[in-house]
Amino acid sequence: MPQRRRVTSRSQEPRRRFAEEVRALRERKGVSLRELAAELGWDWSMLGKLERGQTLGSPEVAQALDEYYGTPGLLLALWELAVADPARFKEQYRRYMLLEAEAVSLWHFAVSILPGLLQSDGYASEVLATGGIKGEELAQQVEARVGRRALLLGEDAPTFRSILSEAVLRTPARDAKAWRDQLEHLAEVAERPHVTLQVLPLGAGLHGLVGTAVMFLRLPEGRTVAYTETAYHGELVEENREVERLQRAYDSMRDLALSPAESLKFIGQMLEEAPCDPST
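All values reported here derive from a predicted model rather than from experimental measurement.

## Quick look at the pattern of salt bridges
Here's step 1: Counted by the stated rule, this structure contains 12 salt bridges.
Here's step 2: A salt bridge links Arg-192 to Glu-188; the shortest N-O distance between them is 3.1 Å.
Here's step 3: The closest approach of N and O atoms between Glu-242 and Arg-245, which form a salt bridge, is 3.0 Å. Taken together, the residues span about one helical turn, with Glu-242 and Arg-245 both in helix α11 (residues 240-254) at a distance of 3 residues.
Here's step 4: The class for Arg-245 is partly exposed, based on a relative accessible area of 44%.

Printed below as a string of structure tokens:
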């Protein structure tokens, strides 16, 4: 009779489990953080933060560690689970995040700021900081938000449409470099075949979603849910009648937006007008 496998005391929380495995593999190898950093060419303090669960690093770091320890795919798989873990987000967003990960298509309207799926690192940091988040919590929230961009990558990525109010593009980040990086990122994302970006000119006038950002999630079973958001409140809308009401407002607004080609030109114009980083 085979011996019963002992259940380990390792954490079942994805971020903590990733940190534990990274630390355990190093200790098993018998190397210090500085020795490991010298072998891999990464900063030793960043590797220390990985082991303490203060950062997840990048997929390249996880892959390099897998190659060094001879654990092909293990740490990269744990990193992917940690990045996708909805528990990293505030409680009000967790159910939404689970549904977003399942969605086969995403349709969005941005009323004042860019959606998390389109945010660059610097822009995300400034947006979150305006909400009073700072220090280690800010770093973790930025990491969680920009990690969502992976949803739009790969062959099985959902189709994504975002209509951006012109006000979004007329409200730059305070940091000039962060804003240019954000506009460049938008232009790059707009070229992807499964992504459609449109700009709603301010001259279009009043419409049914003034003051309300919304994301429509079409789920695999054919059902559509919506998530509406203001500056201080977010709400998941699942009742069919309410979702249809929001969709009608969205469709009417889409008729007023610039075409995708015109919108890409508009983003290009904004990039030309954006101030250069004074440090360059």
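## Overview of the environment of Ala-157
Here's step 1: Along the chain, the position of Ala-157 falls in the loop between α8 (135-147) and β2 (159-165).
Here's step 2: Separated by 50 residues in sequence, Ala-157 and His-207 place their C-alpha atoms 30 Å apart.
Here's step 3: When sequence neighbours within four positions are dropped, the list of residues in contact with Ala-157 reads Leu-151, Leu-152 and His-194.

## Topic: the side chain of Gln-182
Here's step 1: Within the element layout of this structure, Gln-182 appears in helix α10 (residues 176-190).
Here's step 2: Judged by relative accessible area, Gln-182 falls into the buried class, the value being 0%.
Here's step 3: Those residues in contact with Gln-182, other than ones at most four positions away along the chain, are Leu-114, Leu-118, Gln-119, Ser-120 and Tyr-123.

## Brief notes about the packing of aromatic side chains
Here the distance between the centres and the angle between the planes together describe a pair of aromatic rings.
Here's step 1: This structure, assessed with the given rule, holds 5 aromatic pairs.
Here's step 2: Geometrically, the ring pair formed by Trp-107 and Tyr-250 is tilted, given 5.9 Å between the ring centres and 40 degrees between the ring planes. Here Trp-107, found in strand β1 (residues 105-110), pairs with Tyr-250, found in helix α11; they are 143 residues apart in sequence, far enough to count as distant.
Here's step 3: Note on Tyr-250: relative accessible area 0%, which makes it buried.
Here's step 4: Between Phe-216 and Tyr-250 the ring centres are 5.4 Å apart and the planes differ by 80 degrees, which places this aromatic pair in the edge-to-face class. Of the two residues, Phe-216 sits in strand β4 (residues 213-218) while Tyr-250 sits in helix α11, which places them 34 residues apart along the sequence.

Rules used in this analysis
Residues numbered from 1 in each chain as written. Predicted model: local features only at pLDDT ≥ 70, side-chain atom pairs only at ≥ 80, totals over all residues. Heavy atoms only, no water. Salt bridge = Lys/Arg side-chain N within 4 Å of Asp/Glu carboxyl O. Helix = DSSP H or I, 4+ residues; strand = E, 2+ residues; numbered from the N terminus. Buried < 20%, exposed > 50% of the residue type's maximum accessible area, 1.4 Å probe, protein only. Contact = heavy atoms within 4.5 Å. Phe/Tyr/Trp six-rings, centres within 6.5 Å; stacked < 30°, edge-to-face > 60°.

Coordinates in, geometry out; function isn't part of it.
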